[in-house]
Amino acid sequence: MSGEFEVLLLDDEPIVGKRLKPALEKLGCEVDVFTDPKEALKRLSEKNFDVVVTDIRMEDVDGLDVLEAVMSKSTTTKVIMITGYAMMELAQQALSKGAFDFIAKPFKPDDLRSVIIKAAEVLGKTDMLKGAVK
Amino acid sequence: MMLFQNCLDKWYNCALKRLKTLLDKKIEKIESQNNLTGDDTSITQRFTVRSHIYMVFVISVILSCAITAALGVTVYLITRDMKYVNLANTYILLSNKAMFHERNFVAGWEDIKESKESIKAFEMVVFERYNDFGNFFDNSRLISNIEKYGRLLDDLTEINTFPPSEQTNAKVVKIRNELHQLSDEISNYGKLFSERTGHTMRKDMFLFKIVFVLATFFLFLFMLFIVHLLIYRVLRTMSRIVQYAKHLSTGQQIKFMPGKVYQDEFSDLASALEQMMKEFDRQQNIISQSHKLRAVGTLTAGVAHELNNPINNITLTAHMLLEDYHDLDEDERLDMIKDLIDEADRSRTIVRNLLDFARESESIMEPIGISDVVTETLKLAGNQLKLNGVHADLTIAPNLPRIHGDRQQLEQVFLNLILNALDVTMKGGQIRIDVERGDEPNFVVVKVADFGNGIPDHILHHIFDPFFTTKSKGKGTGLGLSVSQGIIAKHGGQITVSTKQKRGTTFTVKLPITTIPADIGGNMDSAHGSF
């Protein structure tokens, strides 16, 4: 395993990736950003990530499908779901299927960073992250 | 000459004055007429059916009384005339009989007794009906003549008892001559009496004929009056009302025009009907509006979810801009600010469609492109479709003619059909919307098809009934299709449904195209015709 804390970020909204990539990089993560779930799945099949952040509702492929794909391949990878307000049920479903946590839209970059730090703590990789949460 | 000049001047002045007063009068009259026409209700006079019926009743009473009286009088006159004619006959008969016996007696064939009896009988009748004779001729000498006749007969009888001599013979001849004269006079009276009574009888018969013809004529006029009341005022107006009601039952909104010269009960009925339709329309609008708000409620979930994305983008971008403001170069900052503006616009668009739709507005009938309406509706429902993971397949035929309608109301109809289709479509499924020319010319159709389970036969009859719903309590009002049907009928179109078990349901909305050019069509209102 490399020395980087590797994160895959999947959201069909391009701005989400565009803004969160530098935010997470400041934390010391190496971030792969995808807007197309199919390409993300392809990348996931090639490589194991420490954390996968995925939108739960996308066209074509569902966030839950991504979760299942990740869970079937790697047990260590922590999956963080991004949900909407009105989708608590779906979030509960995701948690029961093994998602690490969920974060509701709209959220601040720090909200995600704190969840990722929490995941790093669980994985015991906090040393890989440099920045403290502002 | 001077006098003539003066006279002419006076005449001229007088004529001028007269002309001026005439003109003033005329102007006053015109002004008062103008005042009258200014008040629109007083143009048509009020003549109610009730007063028409009263008039018919009063006229029929008067007419029948008049006819009865006229006939009674003429019958009385004719009866009286017949009595006179009879009396004239009796007079002639009795006087002839008296003359006959007198001549027989003079000739020596009969006894004087017969002659006397017959003259007595004649005298009795004349005494009895003395006044009646007076109506026809001067009867003052009649009685004296008869009495004189009787006396002459007595004289003759007395002379006959004497022995015949020259003197007695001369007396007899003298008496005979007098008797002849008297009997001529008496029978002349008879002739006169008979002529005059005959004349009166003919006159009264003529009067009777005239009364009869006049009565028939007035009865005929009266019948016309009743026929006018029944056919033109009552029956015809009633059949117009029936037709009007039939039009209304098909949902067409037309104005009822009594089309009458007079204001009457039917005008009142027409205005009451109009009031009722206004109230009905108002109620319909309230139902339609409440149903629309219900649809808005359904759409809100989709909108709220869809709004999350731009708001999230704004939140993230704003926070990162704040965090890294000093580390970013100007281009990056500008890019972020541009993103903020774009995402704010995106939120506005998402909300605006819904707010436009939800806003309560006056019904505006205008020429519109049906494909625009459907496209807008699909945008409105887009978030909801996305939320449910359903794909809408829209096909629009090219060069469709415009229709005349209310954009918002039609959006409500299509939204309702789309949301209904959405309710029976599973996640990942699709609904199909086709906009095309109708099979009938001058119509466009919009088909909204789902691939759900279809509608069972026993429910199919009821789907357009108000408050009929198959959805769970709190989910459907049961007003959607009923309101939609009302709206489409108001546009002169119709909604039909075809369904197949396990294959899906297609709702077809058929709408008439407008033949009014777009630029002037805005001011016209063809769907609200008048009847």
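Counting restarts for each chain, with residues numbered from 1 along the sequence as it is written. Each chain takes a letter, starting from A, and each ligand takes a number, starting from 1, following the order in which they are written. Since the coordinates come from a predicted model, pLDDT governs what is reported: local features require at least 70, and pairs of side-chain atoms require 80 or more to be given and counted, while whole-chain, interface and lining totals use all residues. In computing side-chain values, all of the structure's heavy atoms are included and hydrogens and water are not.

Draft legend 1. Summary view of the overall build of chain B. Where helices and strands are cited, they refer to DSSP runs of H or I of at least four residues and of E of at least two residues respectively, numbered from the N terminus. The number of helices and strands found in chain B is 13 helices and seven strands. Burial status follows relative accessibility: with a 1.4 Å probe on protein chains alone, a residue under 20% of its type maximum counts as buried, one over 50% as exposed, and anything between as partly exposed. For chain B, the proportion of its 531 residues judged to be buried stands at 37%. Should any heavy atoms of two residues lie within 4.5 Å, those residues are counted as being in contact. When contacts within chain B are restricted to residue pairs at least 6 apart in sequence, those whose partners lie at least 24 apart make up 75%. Here the Shrake-Rupley method, with its probe set to 1.4 Å, supplies the accessible areas, and only the displayed protein chains count as covering residues. Of the roughly 32,400 Å² of accessible surface on chain B, 60% is carried by carbon and sulfur atoms.

Draft legend 2. Region of the structure containing the packing of aromatic side chains. Residues and elements named next belong to chain B. For Phe, Tyr and Trp, where Trp contributes only its six-membered ring, two rings pair if their centres lie within 6.5 Å, and the inter-plane angle classes them as stacked under 30 degrees, edge-to-face over 60, or tilted in between. Scanning the model with the defined rule gives five aromatic pairs over all chains in all. For the pair Tyr91 and Phe122, a centre-to-centre distance of 5.1 Å together with 70° between the ring planes defines the contact as edge-to-face. Placement of the pair is Tyr91 in helix α2 (residues 49-106) and Phe122 in helix α3 (residues 112-128), with a sequence separation of 31 residues. The exposure class of Tyr91 is buried, given its relative accessible area of 1%. Grouping aromatic residues by their ring pairs yields a cluster made of Tyr91, Phe122, Phe133 and Phe193. Note on geometry: a ring has a charge over it if NZ (lysine) or CZ (arginine) is within 6 Å of the ring centre and within 35 degrees of the ring normal. Arg333 extends its terminal NZ or CZ atom over the ring of Tyr325, reaching a point 4.4 Å from the ring centre.

Draft legend 3. Molecular detail of the nonpolar core. All names here are of chain B. Core analysis: the biggest nonpolar cluster contains 50 residues, and Ile370, Phe414, Val446, Val509 and Leu511 have the highest contact counts within it. Sequence-distant contacts of Leu511, defined by excluding residues within four places in its chain, comprise Ile370, Ile403, Leu410, Phe414, Asn442, Phe443, Val444, Ile488, His491 and Gly493. What we call a nonpolar core is a set of buried Ala, Val, Leu, Ile, Met, Phe, Trp, Tyr and Cys residues that are connected through their side-chain atoms within 4.5 Å. One finds Ile112, Val125, Leu153 and Ile159 within the second-largest nonpolar core, a separate group that totals 31 residues.

Draft legend 4. Broad picture of the sheet that holds strand β4 (residues 430-437) of chain B. Residues and elements named next belong to chain B. Strand order in the open sheet formed by five strands is β2-β4-β5-β7-β6, with mixed pairing between adjacent strands. Each of the sheet's edge strands pairs with one partner strand only, and the pair in question is β2 (391-396) and β6 (494-500). Across the sheet, the mean angle separating the axes of adjacent strands is 15° when strand polarity is ignored. Looking at chain direction, β2 and β4 are connected through six bridges and run parallel. Pairing of Ala392 across the sheet is with Ile431, part of β4. Contacts from helix α9 (residues 370-388) reach β2, β4, β5 (443-450) and β7 (504-512) within the one sheet, and its direction differs from that of β2 by about 175°. To define axes, lines are fitted to C-alpha atoms, for helices over the stretch in contact only, and angles between the resulting N-to-C directions are given on a 0 to 180 degree scale. Each of β4, β5, β6 and β7 touches helix α10 (residues 407-423); the most contacted strand, β7, lies at about 170° to it. The rule for pairing is simple: two strands pair if DSSP sees at least two bridges between them.

Draft legend 5. Looking closely at the interface of chain B and chain A. Every contact between the two is made by 21 residues of chain B and, on the other side, 22 residues of chain A. Carbon and sulfur atoms supply 53% of the area buried between chain B and chain A, which totals about 2,000 Å² over both sides. Nitrogen and oxygen atoms within 3.5 Å of one another constitute a polar contact, given that in protein one can donate a hydrogen and the other can accept it, and given that sequence-neighbouring residues count only through two side-chain atoms. At the surface where chain B touches chain A, the tally comes to 11 residue pairs in polar contact (both at pLDDT 80 or more). Contributions of two or more residues to the side of chain B that touches chain A are made by α7 (265-324), α8 (330-358) and α9 of chain B. Each residue is assigned to one of three groups, with Ala, Val, Leu, Ile, Met, Phe, Trp, Tyr, Cys and Pro labelled nonpolar, Asp, Glu, Lys and Arg labelled charged, and all others, Gly among them, labelled polar. When grouped by side-chain class, the residues that make up the side of chain B that touches chain A number five nonpolar, eight polar and eight charged. Buried area: the accessible area, evaluated with a 1.4 Å probe, that two parts lose upon being put together, summed over both parts.

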